Number of protein chains: 2
Amino acid sequence: MLEKIDLSKETAKEEYKKIITELELRVGALQRDAKELKIPVCIVFEGWDGAGKGTLINKLILPLDPRGFKVYLTHTAQSEEEIMRPFLWRYWNKTPERGRISVFDRSWYRRVLEDRVNKSVKQNQLEQAYNEINHFERQLTDDGNVIIKFFLHISRKKQGKRLKEMSKDKVMSWRIITEKEWKHHKQYDKYFDAYEKMLENTDTDYAPWTIVEAHDRRFAEIKIFKTVIEALEKKIAEVKNAQKNNNKKKEVVSSKAAAVGTSTLDKVDLSKKYSHDEYQKKIGALQEKMREIEFKMYKKRAPLVVMYEGWDGAGKGGNIKRLVQLMDPRGYEVHPVAAPNDIERAHHYLWRFWRDIPKAGHIGIFDRSWYGRVLVERVEGFCKEHEWKRAFKEINEFEEQLVNFGVVVVKFWMHINKEEQMRRFKERQEISYKQWKITDEDWRNREKWDAYKVAVDEMLFRTSTTYAPWTIVEANSKYYARIKVLKTIIKAMEEKL
Amino acid sequence: MLEKIDLSKETAKEEYKKIITELELRVGALQRDAKELKIPVCIVFEGWDGAGKGTLINKLILPLDPRGFKVYLTHTAQSEEEIMRPFLWRYWNKTPERGRISVFDRSWYRRVLEDRVNKSVKQNQLEQAYNEINHFERQLTDDGNVIIKFFLHISRKKQGKRLKEMSKDKVMSWRIITEKEWKHHKQYDKYFDAYEKMLENTDTDYAPWTIVEAHDRRFAEIKIFKTVIEALEKKIAEVKNAQKNNNKKKEVVSSKAAAVGTSTLDKVDLSKKYSHDEYQKKIGALQEKMREIEFKMYKKRAPLVVMYEGWDGAGKGGNIKRLVQLMDPRGYEVHPVAAPNDIERAHHYLWRFWRDIPKAGHIGIFDRSWYGRVLVERVEGFCKEHEWKRAFKEINEFEEQLVNFGVVVVKFWMHINKEEQMRRFKERQEISYKQWKITDEDWRNREKWDAYKVAVDEMLFRTSTTYAPWTIVEANSKYYARIKVLKTIIKAMEEKL
């Protein structure tokens, strides 16, 4: 692709002066429209050292309202915290709230550029990386993001000239013209290949690349402005259109529409149980074992995600307590998942879970999880039908990325039947120190048991993958459930270690 | 203090069994009360290696609802991001939202313990550190936090024995019994001194230390539970009482009460101005200079905070644009300060500003700031009178901490008179691409000009310090204001460099 680019393009000074102010005002106005329509925008700048990223970014942001954007500099290597998590973690954390703009000075493409040239990723990781990047961008655009990606292109000769100029200029060498830049210059051909592959593999209809001929600064500036304007205008028109049509006909939410034929839940044998004695005999040793595994995982820097979903009253809380009872609090963290707050609601629903994934060597325990999207959000109509339908794929991709990084993902569905739930609800109401555990919402959810059952069955069906299978826990007997959870985790970790 | 501690205290097993369940239930219930009353709680664990912090923390958190607390492990050294900011930055970021509990496994005391023993802080920094810690804790408790601080004490002999045991035990050595722990053991006396000094200097009525005799685990556990229960009960009673009294008589908010005698604003000479030609002659060179300074600061790792307050329409936005016009966006960030969001409102009002202070070598530009507490919050009654009165001191302490760390703090009051404001408001209404800049709120604020004037005068009076003085910018002439701001920053930075 890059060979065909005509780098001689220029914009004359008079021409530039004639149009730039209008473009600046237009970008400012579109930013305000996007804010009002709650459209999140990512603008990515990649390209050669010396191509003028800093200056061009500054030109682009000057006409913007600073209350609405943030520039992220990610040309530095990963921090320790970042190294201990999948490479996209760093960028998920920086995705914009609805209505805001994130500008990336270098970005998630680092993985397939510098890391590739330096050979710090293996070939199979590289292929994974292209996939993961595409999934990431697709998930964001599906969620309403506009992603605008610029590749600033200059020739090897031009780069050499610019670096020389910049090294001489004291102020310019602020951009830290170090050995690294000169080394990159010598590796121009290697980077050229890496850029070509990047463009080939990640130029998608939902997040296309714009190659900017960056020999002439004025030309580059105009092209950047026009591209941003066009992308925003297109999206804004789309959103307005959708709003108009939406007013005409409301989408019908039918949680039954996509039901799968057979029910996994119906086949679960809930008669399994342990007596108090059997339980007492087993639990201590398993907890000790769990503690040992926590220690071994830490040493080996292996991360673990344990995830609980299940009926209200299925005993998730008590189960977690027994799981962590002998563990060291420095190695695990429990994430209880409630309704999202303001900030979380203004992001992709996976954003908050990305934020909380454990770092290498640590254990993240989720009391409810990202599956809320296909359970409560589906059943209660908090998201649209096409959103929860899309979520199965998104969740599988998310978990695959965790597993690719080395995370062991253990998922539990805590299963009880309706009679047992009733018994427990009543018990909670009767015993004074348990009363806080039972709320009106629990009773309301119970009325929707059947709708939830359909959703759970479809979830189990569509998100049981080889890399992150579901374990159904027969939880009518709390003792049985606690032992099974511990055994399952221990087995999964022993396989890993 | 420590010498007088009787380390032979024990709790018998039967006694322990008799009371522990009740204590656990009580802590759980108090956590729910605190949540409801929106009381934020910090629980700090300091003490000797081998004193059993991990185990004791786990015991304490097991009966808690995991939705309401988070354990922070801060025994690791500062990260790169943390080193580049005042040492309390790391902990401000971890202060709990109202109604939540933060448990610290080691804490901000690291500065006066490990850093002191390792001599990585100088004597004067050490004195500052005690002060800063006390200010930090006072600011939090003034804001409604409960701070419970435990020092887990064991003898040198006991420590040696425990470390030996732990080294043998594979699972225990999870706690990473490395050379570091043994080195600390050899330095028992040095640490003893450091602990003594810490206890002396930071045992305050608002955040007292509890020394826990930690030879006997059961005794320690019971003491920790009882201390937490007592502290929470006391605070809960206080808050309930205050609510009761509040219902009886509402505090009268009188923004005029504390007015200072003379007005600084009245004396400002607003006739100062530059013609377009004069401005054009000066501005370019100053912007170039600013760019150079940005580069030099980066090299020297000197951080800068530039803060704008001023009347609506005083030209803050345009001024900032001219300031950064030639700067490299990788070196500065503009923080426009609007009304706090959900999460911000649930913290101390300084929390969000702590989060955004620039790291060493970078520039943070604040378009409005922490002074909102003594301006809009005061005038509009968004906070109580005793809160904004207290804020003058808090803000001075905050800025002093920045300056102690090496931050240059430049504060501008952008001043125009009422006539000029009216002229600009009208202009904004008339010119189409400026209309978005004028809102109903601007008009409402204008009606309160006199109340704001009183607040501004008092602010200028009470927060003009030697380390962070105010600069009043005569802004009836935008040209004059832009030149003055650039000159002031350049001068401040040249003095620093």
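Residues numbered from 1 in each chain as written. Chains lettered and ligands numbered in written order. Predicted model: local features only at pLDDT ≥ 70, side-chain atom pairs only at ≥ 80, totals over all residues.

A. Seen up close, the overall build of chain A. Each helix and strand counted, chain A has 20 helices and 10 strands in total. Once the C-alpha set of chain A is aligned to its principal axes, its extents read approximately 85 × 55 × 40 Å. For chain A, buried positions account for 37% of its 497 residues. (Helix = DSSP H or I, 4+ residues; strand = E, 2+ residues; numbered from the N terminus. Buried ≥ 20, exposed ≤ 12 C-beta atoms within 10 Å, placed from the backbone.)

B. Looking closely at the domain arrangement of chain A. All names here are of chain A. Domain boundaries assigned for chain A yield domain 1 (2-247) and domain 2 (265-496). If you average the C-alpha positions of domain 1 and of domain 2, the two centres end up 39 Å apart. Residue-level contacts link 18 residues of domain 1 with 17 residues of domain 2. At the level of elements, α4 (89-92) and α6 (123-142) are the ones that each hand at least two residues to the side of domain 1 that touches domain 2. (Domains from an automatic or database assignment. Contact = placed C-beta atoms within 7 Å.)

C. Structural context of the nonpolar core. Residue and element names in this part refer to chain B. In this structure, Ile43, Leu152, Val305 and Met414 are the most contacted members of the largest nonpolar core, which totals 110 residues. Looking at this core, the element that brings in the most residues is helix α20 (residues 478-496), giving seven residues. For Ile43, the contacting residues outside a window of four places in its chain are Ile101, Val103, Phe104, Ile148 and Val228. (Core = buried A, V, L, I, M, F, W, Y, C linked by C-beta atoms within 7 Å.)

D. Highlighting the sheet that holds strand β2 (residues 69-73) of chain A. Residues and elements named next belong to chain A. Taken together, five strands build an open sheet; the order of strands is β2-β3-β1-β4-β5 and the sheet is parallel. Only two strands of the sheet have a single partner each, and these edge strands are β2 and β5 (209-213). When strand polarity is set aside, the average angle formed by the axes of neighbouring strands in this sheet is 20°. Sheet topology note: the β2/strand β3 (residues 101-105) ladder contains five bridges and is parallel. (Pairing = 2+ DSSP bridges. Axes fitted to C-alpha atoms, helices over the stretch in contact; angles between N-to-C directions.)

E. Seen up close, the interface of chain A and chain B. Contacts between the two partners involve 36 residues from chain A, matched on the other side by 36 residues from chain B. Elements with a minimum of two residues in the side of chain A that touches chain B: α1 (13-36), α2 (53-61), β2, α3 (80-83), α11 (276-300), β7 (332-336) and α13 (342-345) of chain A. The element best represented in the side of chain A that touches chain B is α11 of chain A, accounting for five residues. Considering only residue class, the side of chain A that touches chain B consists of 18 nonpolar, five polar and 13 charged. (Nonpolar A, V, L, I, M, F, W, Y, C, P; charged D, E, K, R; others polar.)

F. Examining the relation of the copies chain A and chain B more closely. With an axial shift of 0.0 Å and an RMSD of 0.1 Å, the rotation relating chain A to chain B amounts to 180°. Read as a symmetry element, the transformation amounts to a two-fold axis. Measuring from the rotation axis to each C-alpha of chain A, the shortest distance belongs to Asp342 of chain A, at 3.2 Å. With an isologous cut-off of 70% or more, the 100% of interface residues of chain A that recur at the interface of chain B puts this contact in the isologous class. (Least-squares fit on C-alpha atoms with pLDDT ≥ 70 in both.)

G. Just the packing of helix α6 (residues 123-142) of chain B against helix α16 (residues 385-405) of chain B, in detail. Residue and element names in this part refer to chain B. Following both chains from N to C, one finds α6 and α16 inclined at 145°, their axes separated by 11 Å at the closest point. Note on packing geometry: the crossing formed by α6 with α16 is left-handed. On the side of α6, the interface is formed by Gln128, Glu132, His135, Gln139 and Asp142, while α16 contributes Arg390, Glu394, Glu397, Gln401 and Asn404. Classifying every residue of the contact of α6 with α16 by side-chain character gives no nonpolar, five polar and five charged. (Left-handed = near helix turned anticlockwise from the far one by under 90°.)

H. How the structure looks around the sheet that holds strand β4 (residues 146-153) of chain B. Residues and elements named next belong to chain B. Read across the sheet, five strands follow the order β2-β3-β1-β4-β5 without closing on themselves; strand pairing throughout is parallel. Two strands lie at the open edges of the sheet, namely β2 (69-73) and β5 (209-213), each paired on one side alone. Recorded for the sheet is a direction-independent mean angle of 20° between the axes of neighbouring strands. Note: strand β1 (residues 41-47) against strand β3 (residues 101-105), five bridges, orientation parallel. Within β3, the residue paired with Val44 across the bridge is Phe104. Those strands touched by helix α2 (residues 53-61) are β1, β2, β3 and β4, and its axis lies near 165° from that of β3.

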